[in-house]
Amino acid sequence: MLANGDSRKLSVTVVAVLFAIAMFGGVFTGGAAFLAVNVITSDDDPDPTSPAVAAGTATATQEADSSPTPSTALATPSGSTPTTTDAAPTPTFSASVAPTATLPQLQPTPTATPTPTGLVLVADTAEDVVRAFADDGSLAYTIGETNANGAAFHTGSGVGSGPNDEIFVADTSGARIVHMAADGTLINVWGERGSGPGQFSQPWDVTADELGNVYVVDRGNHRVQKFDSGGGYLTEWGSQGSGEDEFLNPTFIVADEGYLYVSDTGNDRIMQFDYDGVLLQIWDGTGTAAGPLNNPGGVGIDPDNNFYVADTSNDRIVKVTRNGTFLWESGSEGSGDGQLDAPTSLSIDSDALLYIADTGNNRIAKWYFEGNQLAVWSSIEGSESQIVEPHDVTVNWSKDQFIVTQNSVATLTVATIEGLFQTEIYSSLLQDGGLASPFFMAVDGNGDVWIADSGNNRIQKFSRDGQFLSGIGWFGTDPGQFQLPLGLAIAADGSIYVVDSHNHRVQQFSADGQFMRQFGAEGNGEAQFFRPQGIAIAGDGTLLVTDTDNHRIQRFTPEGDYIATWGTADPSDAPGDFRRPVGILVVGDAVYVTDQGNNRVQVLDIDGNVLNTWGEKGEADGQFNAPTGIAQDNDGYIQIVDILNRRVQVFTLEGAHIRTWNGSGTAAGPFTMPVAVTVFPRE
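**Section: the side chain of His222**
Take His222: it is sitting in the loop between strand S14 (214–218) and strand S15 (223–227). Here Asn249 takes part through its backbone nitrogen, which lies 3.1 Å from a polar atom of the side chain of His222. Excluding anything up to four places from it in sequence, His222 contacts Gly238, Ser239, Gln240, Phe247, Leu248, Asn249 and Pro250.

**Here's the deal with the sheet that holds strand S37 (residues 485–490)**
A sheet is described by the order of its strands in space; here four strands give the open sequence S37-S38-S39-S40, paired in antiparallel fashion. Only two strands of the sheet have a single partner each, and these edge strands are S37 and strand S40 (515–519). Across the sheet, the axes of successive neighbouring strands diverge by a mean angle of 20°, strand direction being ignored.

**Some words on the packing of aromatic side chains**
Scanning the entire structure with this criterion turns up 25 aromatic pairs. Plain terms: the ring middles of Phe133 and Phe671 are 6.4 Å apart, the flat faces sit at 75° to each other, and that makes the pair edge-to-face. Of the two residues, Phe133 is situated in strand S7 (residues 129–133) and Phe671 in the segment after strand S52 (657–661); the sequence distance between them amounts to 538 residues. When its relative accessible area of 7% is taken as the criterion, Phe671 is described as buried. Both rings, one in Phe519 and one in Phe529, keep their centres 6.4 Å apart while their planes meet at 50°; by these two values the pair is tilted. Remark: Phe529 occurs in the loop between S40 and strand S41 (535–537) and Phe519 occurs in strand S40; sequence separation between them is ten residues. Each member of the pair, Phe519 together with Phe529, is buried. Through pairs of rings, three or more aromatic residues link up here, namely Trp190, Phe200, Phe227 and Tyr233.

**Quick word on unusual backbone geometry**
Phi is mostly negative for residues that are not glycine, and the peptide bonds are mostly trans. Phi is positive for Ala352, which is not a glycine, with a value near 65°. Here Ala352 is to be found in the loop between strand S25 (343–348) and strand S26 (354–358). The phi dihedral of His504 falls on the positive side, at around 55°, and the residue is not glycine. Its location among the elements puts His504 in the loop between strand S38 (496–500) and strand S39 (505–509).

**A short note on the nonpolar core**
With 32 residues, the main nonpolar core has Phe440, Trp450, Ile459, Leu488, Val498 and Trp661 as its most contacted residues. Within the residue set of this core, elements represented by two or more residues are strand S6 (119–124), strand S33 (438–443), strand S34 (449–453), S37, S38 and strand S51 (647–651). Filtering out sequence-adjacent residues up to four positions away, Val498 remains in contact with Ile459, Phe482, Pro485, Gly487, Leu488, Arg505, Val506, Gln507 and Phe509.

**Some words on the side chain of Arg600**
Mapping Arg600 onto the fold places it in strand S47 (residues 600–605). Overall, the relative accessible area of 9% leaves Arg600 in the buried class. Here Asp595 takes part through its side chain, which lies 2.7 Å from a polar atom of the side chain of Arg600. Excluding residues within four positions of it along the chain, Arg600 makes contact with Ser572, Asp573, Ala574, Pro575, Asp577, Val593, Thr594, Asp595, Trp614, Gly615, Phe624 and Pro627.

**Concerning the sheet that holds strand S45 (residues 581–587)**
Strand-to-strand pairing in sheets goes through backbone hydrogen bonds, with the strands running parallel or antiparallel. The four strands are arranged S45-S46-S47-S48 in an open sheet whose pairing can be described as antiparallel. A strand with exactly one partner marks an edge of an open sheet, and here the two such strands are S45 and strand S48 (610–614). The sheet shows a mean angle of 20° between the axes of neighbouring strands, taken without regard to direction. In this sheet, S47 lies alongside strand S46 (residues 590–595) in antiparallel orientation, the contact comprising six bridges.

**Notes on the pairing of strand S24 (residues 326–330)**
Each regular strand carries side chains that alternate between the two faces of the sheet. Sheet topology places strand S23 (residues 316–320) next to S24; four bridges connect them, and they run antiparallel. When the bridges of S24 are listed, Ile317 appears paired with Ser330. Counted along the chain from S23 to the antiparallel partner S24, the turn is five residues long, and its residue Gly324 has a positive phi close to 100°.

**Considering the environment of Pro558**
Structurally, the position occupied by Pro558 is in the loop between strand S43 (552–556) and strand S44 (562–566). Counting along the chain gives 21 residues from Pro558 to Ile537, while the straight-line C-alpha distance between them is 8.6 Å.

**Topic: the confidence of the model for the chain**
For the chain, the average pLDDT comes to 83, and 82% of its residues sit at 70 or higher. Within the model, pLDDT remains below 50 along residues 1–17, and this stretch shows 120 contacts once partners closer than five positions in the same chain are excluded.

**A word on the pattern of salt bridges**
Evaluation of the coordinates by the stated rule reveals 19 salt bridges. Taking the shortest distance from any N to any O, the salt bridge between Arg176 and Asp171 comes out at 2.7 Å. Of the charged contacts in the structure, one is a salt bridge between Asp642 and Arg647, with a shortest N-O distance of 2.8 Å. No difference in accessibility class separates Asp642 from Arg647, as the two residues are buried. What emerges from the salt-bridge pattern is a single network uniting Asp128, Asp171 and Arg176.

**Remarks on the environment of Asn598**
Along the chain, Asn598 turns up in the loop between S46 and S47. Taking the relative accessible area as the measure of exposure, Asn598 reaches 13% and is therefore buried. C-alpha of Asn598 to C-alpha of Gly615: the two residues are 17 residues apart in sequence and 8.6 Å apart in space. Setting aside its immediate chain neighbours within four residues, Asn598 contacts Ser572, Asp573, Asp577, Phe578 and Arg579.

**As for a nonpolar patch on the surface**
Together, Tyr368, Phe369 and Leu374 make up a nonpolar patch on the protein surface, roughly 320 Å² of accessible area in all. Its place among the elements puts Tyr368 in the loop between strand S27 (363–367) and strand S28 (373–377).

**Considerations on the pairing of S43**
Counting buried positions over the five residues of S43 gives five, a clear majority of the element. Burial of S43 is two-sided: the residues Arg552, Gln554 and Phe556 facing one way and the residues Ile553 and Arg555 facing the other way are all buried. Taken together, the five bridges between strand S42 (residues 543–547) and S43 define a ladder with antiparallel strand orientation. Looking at the pairing, Leu543 lines up with Phe556 of S43. Joining the antiparallel neighbours S42 and S43 is a turn of four residues, in which His551 adopts a positive phi near 60°. As paired elements, S43 and S44 share four bridges and run antiparallel to each other. Each residue of the ladder has a partner; that of Gln554, found in S44, is Thr565.

Calculation criteria
Per-chain numbering applies: the sequence of each chain, read as written, is numbered from 1 onward. For this predicted model, a pLDDT threshold of at least 70 governs which residues receive local features, and a threshold of 80 or more governs which side-chain atom pairs are given and counted, while totals over whole chains, interfaces and linings are taken from all residues. Neither water nor hydrogens contribute to the side-chain values; these are computed over all heavy atoms in the structure. Helical segments are the DSSP runs of H or I of at least four residues, strand segments are the runs of E of at least two, and each set is numbered from the N terminus. Under this definition, polar contacts are N or O atom pairs within 3.5 Å; protein pairs additionally need one hydrogen-donor-capable and one acceptor-capable atom, and for neighbouring residues in sequence, both atoms have to be side-chain atoms. Should any heavy atoms of two residues lie within 4.5 Å, those residues are considered in contact. Any two strands between which DSSP finds at least two bridges are classified as paired. Here, axes are lines fitted to C-alpha atoms. For helices the fit covers the stretch in contact, and angles between N-to-C directions go from 0 to 180 degrees. Between the rings of Phe, Tyr and Trp (Trp by its six-membered ring), a pair exists once the centres lie within 6.5 Å; its type follows the angle of the planes, with under 30 degrees stacked, over 60 edge-to-face, and the other angles tilted. Only protein chains enter the calculation, and the probe is 1.4 Å; a residue is then buried if its accessible area is under 20% of its type maximum, exposed if over 50%, and partly exposed in between. Residue types Ala, Val, Leu, Ile, Met, Phe, Trp, Tyr and Cys, when buried and joined through side-chain atoms within 4.5 Å, form a set referred to as a nonpolar core. Per residue, pLDDT captures the predictor's confidence, and it can take any value from 0 to 100. Whenever a carboxyl oxygen of Asp or Glu lies within 4 Å of a side-chain nitrogen of Lys or Arg, that contact is scored as a salt bridge. What makes a patch is a set of residues exposed beyond 30% relative accessible area and free of salt bridges, joined within 9 Å when like-charged and within 5 Å when nonpolar (Val, Leu, Ile, Met, Phe, Trp, Tyr). Each accessible area is a Shrake-Rupley estimate made with a 1.4 Å probe; only the visible protein chains count as cover when residues are assessed.

Right, here's the structure in full:
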């Protein structure tokens, strides 16, 4: 967005917080930063044809003789005919983008050759990398370091233009601003997580004024920050609240000839400032024919200096003069001409035509005066990619083009104002080996590591030394596609089970990545899920799935046939009940579950009977703040990832605390937000 004609934009979004919703049921207010831990097996596994179980957030492995309690190798799942969705061809990728797209590949290079011992892999999703640690705690290598090779940004990012046609991206999940040339060449990156000057918590939107100064809506810190064109901090204003000069979860911003318009979304109002942050007026629709705003999103400015609001929850667009006089409103819920479904962003061209991110309808709508629809685009002509959940749209007046970001894929789609495709700018996180918010991992019998690359909606496989090998999937709902893949488990036959969380299902793939079957659907009945996360395989080959937001565990045959449920429908802290179970691990005949909402670990037998529990909320040893990943290590102990305490705690099988580690003292530094852990036998 830019003042006075180069770019008018509004940015909206709901799903940049998908990971917070997935992990904490929507209560977490930080950026999408999670950490997964995994330990790699040696190349000389004594029985490579009978690999250990990779348990969603953890992998139970065959232990060395010195292990106090070896875990049991699991039986090979039956090869009987699927009782759910039949197998269909599944395209795998070498370039980690949609099969029709092409882009240069940037191979990550491990920073060191791993030592010939067990390696602990830590997926630091805040940094979009997986780090491998040797037994002595030193950093061995890093997977995913493509960020330095190009512009890195996530799905659900805000976008705006600068006075020289540069592009600014508010990377909400990455807590940074990415500045690039019109062709996508990286110019600068600034910002980090925090609340100090130049730091961000969910930077939601970005705009630039005529002089090139940059303004960022720092949503999680309830403020606006101002920077010079090089990213140098200048000033800030705002704090959390509902009074004048206060914000509550602000989202979008646009600059116009000395004026700034900010969507104070949580307070259902638009706030107008000058470029120094002096409040000029507040407009919320109250007392006008428009009526109150409801969850307003993006704002756009026309050539006559009127401003337009994407009134998201009212499914309409509202037009207001610069001095606050209501002019008109148009739109209603639906998918017909002139109708909208949760519009989140808009921008306006030099002819006062509106370009609306009609998010719920998966399209860009082009409007003339008072909601007269000129065109809708669910795909851009000349591009084979569909528009899915458009997040933000901005018009660059000088180039007669608009740019779209999406909640589904980390790209910038550039098209003419007539809707003709021009180019696609890919985040470097989408390169082969690039990672965006990596989640759980699993190690197969060949010593390769599978990573749930959740922010890119795909699964990637890497060799023991961190080299990219292959991948599965892309965003979507069809077989072989994903919406936020989280848990992984490797069966004894090498097939891979993937917990496809926001498609509310589990998918199974062959060892070479071909789709085999799927089971599950959204709901709370038997064999239904609501945002499941973890998966483990029991000694008899049956599957145990943490049905996280249904607060229960479900057990299935290897083919996906329902067997039983553990836990009640309502969250509870009673023994055997759960409040958002996440991680799950099988050790012999015992099943360990991280009961995240209850800040405890529960140990059950294969029939769901409680054997032991430990933990409570707190920061002391043996206490938790949102425990998630769990695995048995090479010494037979249980490692548990304690996300909000940013650490991993180590326990005996009976729950006695042994030690705590958090990455401090290594080249990688302390963990940001750990999520999962699993282990590989030593050589």
